[in-house]
Amino acid sequence: MTETSSNSLRVSKAYFRYLVFVLILIEILDAYTTAYPLVIPSNIIDEFLADMDRNTAQAIFSIGAGIATIGMYFVFVNQYMADRIGRKKILAFTCFGMAFASLMMILSTSFIMFIVFLFLLYLFFSSDIWMIYINEECPADKRAIWANIVVSGGIIGVFLSSILRGVFITETSPVGAWRGLSWFAVILGFICTILVLFSLKETSTYLEHKESEAKEKTPSFTENVKALFKSSRKTEYIVILFLALTNGLSYLFCIVGQEYMRTQGGLAESQVNTLVLITAALILAGYITSGITGDKIGRKFVLYFWSLLYPIFVIILVTLVMAGMGTNIITWLFFGLIYAAWWGLIGAIRIVTVEIVPTNKRGTAGGLRGFISALGITSGLLLGGIVVFFLGLGMAFILFSIPLFINIPLIYKFIKETKGVDLASIK
């Protein structure tokens, strides 16, 4: 047996490799269900909102998507339950949920039905229990790189959403062809559910914690939350929550960026498919960059890097599109870099969250972080719908990305470096 963490409980190298394989499959599912709703907004508008003028339809879509993101608020409950009943059961539950929600999206016959099932999809793919799994089973000095290996493997899901979009959605495909993209999530979701239930073990860190506290009363949800804000690192955690909020506010671009490039940028469906593939490649490059620099230079550097670059990239992209360069490859590169920056920042926020709270509150802390991020996303989309109606998509993108600049001084003053910290030693 070989130790893969600092815990007294150990897992074999063979099991750890298998665990990484299963978590990559789950992250493929997670990434796919996260990505494919982002590559079909123009098609949803074409099918369900075609009787409106395009600007109004874009605003309605943004508001509807904002309502759907309320599903992310229940991530708080999922992560808390991961502290109460274990990581494994909740991981299986979320895999099943992603498959079920995707199946229901296939059955959508109206915009309202689509939003209801998108709500369910947000509820499940935002749980990120896999992040707790990999962080609790891998070596402390390799935590960022292993987390990003899982995420980078999961980028296959983003590529598949891009490739399948090109298969199902073409210049001549029927308006409802986007439904074909859901079947991959349905099939893989049910497969992952079975693998988790029958082949994965509970994490060694969680089992060790349950062993040491077997005779103690399990803290309630409210007690866990209160404890987070009474800890010695409460200021850091509050700043992390603020970073999650500003990152969430800027999600408007991720939701309707493809629609922006198709309408204001003047792209045809075939060009959109190419753009999505380029974006997937840049997101992968961003994850790899975050993993290497996070372990070599530090978590703070990654937080600085993406917080600064995201709004700069957005301003450049909108300027290029307004200048009539929407079909230029340079514009497409900046489009992809915006997505890379958004996912790179949320990835760094997730890792730091794990590394500043103790085991018995890690799920709750991640859930609250997810809740605040979702609150930012919902607020950005609902308010963004109003801004889009009056000022258009481009100005809305800029306005909701600017708050990320506030992150820089907060990270400098309040966030301590967590590179290589021993998770079991956090109290």
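Residues numbered from 1 in each chain as written. Predicted model: local features only at pLDDT ≥ 70, side-chain atom pairs only at ≥ 80, totals over all residues. Heavy atoms only, no water.

## A closer look at the confidence of the model for the chain
Alright, step 1. Overall, the prediction assigns the chain a mean pLDDT of 85, with 91% of residues at 70 or greater.
Alright, step 2. Per-element confidence in the chain ranges from a low mean pLDDT of 71 for helix H10 (residues 204–212) to a high of 95 for helix H15 (residues 299–322).
Alright, step 3. Considering only residues more than four positions removed or in separate chains, one finds that residues 1–9, a stretch of pLDDT under 50, has 29 contacts. (pLDDT = per-residue confidence, 0-100. Helix = DSSP H or I, 4+ residues; strand = E, 2+ residues; numbered from the N terminus. Contact = heavy atoms within 4.5 Å.)

## Details of a nonpolar patch on the surface
Alright, step 1. Taken together, Leu383, Ile386, Phe389, Phe390, Leu391, Met395 and Leu399 make up a surface patch of nonpolar side chains, about 730 Å² in accessible area.
Alright, step 2. Counting residues per element, the ones that place at least two in the nonpolar patch are helix H17 (359–391) and helix H18 (393–401).
Alright, step 3. With 5 residues, H17 is the largest single contributor of residues to the nonpolar patch.
Alright, step 4. Position of Phe390 among the secondary structure elements: in helix H17. (Patch = residues over 30% accessible without salt bridge, like charges linked within 9 Å, V, L, I, M, F, W, Y side chains within 5 Å. Areas by Shrake-Rupley, 256 points an atom, 1.4 Å probe, with all protein chains shown as cover. Salt bridge = Lys/Arg side-chain N within 4 Å of Asp/Glu carboxyl O.)

## Examining the packing of helix H5 (residues 87–106) against helix H6 (residues 111–125)
Alright, step 1. At their nearest, the axes of H5 and H6 sit 8 Å apart, and the two run at 165° to each other. Put simply, H5 runs roughly antiparallel to H6. In this structure, the crossing between H5 and H6 has a hand that is left-handed. Each of Phe93, Thr94, Gly97, Met98, Phe100, Ala101, Ser102, Met104 and Met105 in H5 lies in contact with H6, whose residues at this interface are Phe114, Phe117, Leu118, Leu120, Leu121, Phe124 and Phe125.
Alright, step 2. Split by residue class, the contact of H5 with H6 holds 13 nonpolar, 3 polar and no charged. (Axes fitted to C-alpha atoms, helices over the stretch in contact; angles between N-to-C directions. Parallel < 35°, antiparallel > 145°, perpendicular 65-115°, else oblique. Left-handed = near helix turned anticlockwise from the far one by under 90°. Nonpolar A, V, L, I, M, F, W, Y, C, P; charged D, E, K, R; others polar.)

## Some words on the pattern of salt bridges
Alright, step 1. Within the structure shown, the criterion is met by 8 salt bridges.
Alright, step 2. Among the ionic pairs, Arg262 bridges to Asp46, the shortest N-O distance being 3.0 Å. Remark: Asp46 occurs in helix H2 (residues 41–48) and Arg262 occurs in helix H13 (residues 252–263); sequence separation between them is 216 residues.
Alright, step 3. Residue classification places Arg262 among the partly exposed positions, given a relative accessible area of 22%. (Buried < 20%, exposed > 50% of the residue type's maximum accessible area, 1.4 Å probe, protein only.)

## What about the packing of aromatic side chains?
Any two aromatic rings considered together are summarised by their centre-to-centre distance and by the angle between their planes.
Alright, step 1. Tallied over the full model, the rule gives 22 aromatic pairs.
Alright, step 2. Cation over ring: Lys201 sits above Tyr15, and NZ or CZ is 4.6 Å from the ring centre. (Phe/Tyr/Trp six-rings, centres within 6.5 Å; stacked < 30°, edge-to-face > 60°. Lys NZ or Arg CZ within 6 Å of the ring centre and 35° of its normal.)

## Regarding the state of the cysteines
What we call a disulfide is simply a covalent bond connecting the sulfur atoms of a pair of cysteines.
Alright, step 1. Scanning all chains against the criterion turns up 0 disulfides.
Alright, step 2. The thiol of Cys95 is unpaired, and the distance to the nearest cysteine sulfur, on Cys192, comes to 5.0 Å.
Alright, step 3. We classify Cys95 as buried; its relative accessible area is 0%. (Disulfide = S-S within 2.5 Å.)

## Looking at helix H16 (residues 329–355)
Alright, step 1. Compared with the 39 Å implied by 1.5 Å per residue over 27 residues, the 39 Å span of H16 between its first and last C-alpha is a close match.
Alright, step 2. In terms of burial, H16 is largely enclosed, as 23 of its 27 residues are buried.
Alright, step 3. Where H16 begins, one side-chain oxygen reaches toward the backbone nitrogen of Ile330, 2.8 Å away; that side chain belongs to Asn328. (Expected span 1.5 Å × (residues − 1). Polar contact = N/O pair within 3.5 Å; in protein donor to acceptor, adjacent residues only side chain to side chain.)

## Some points on the environment of Ile134
Alright, step 1. Positionally, Ile134 belongs in helix H7 (residues 129–137).
Alright, step 2. Setting aside anything within four residues of it in sequence, one finds Ile134 in contact with Phe16, Val20, Leu23, Trp146, Ala147 and Val150.

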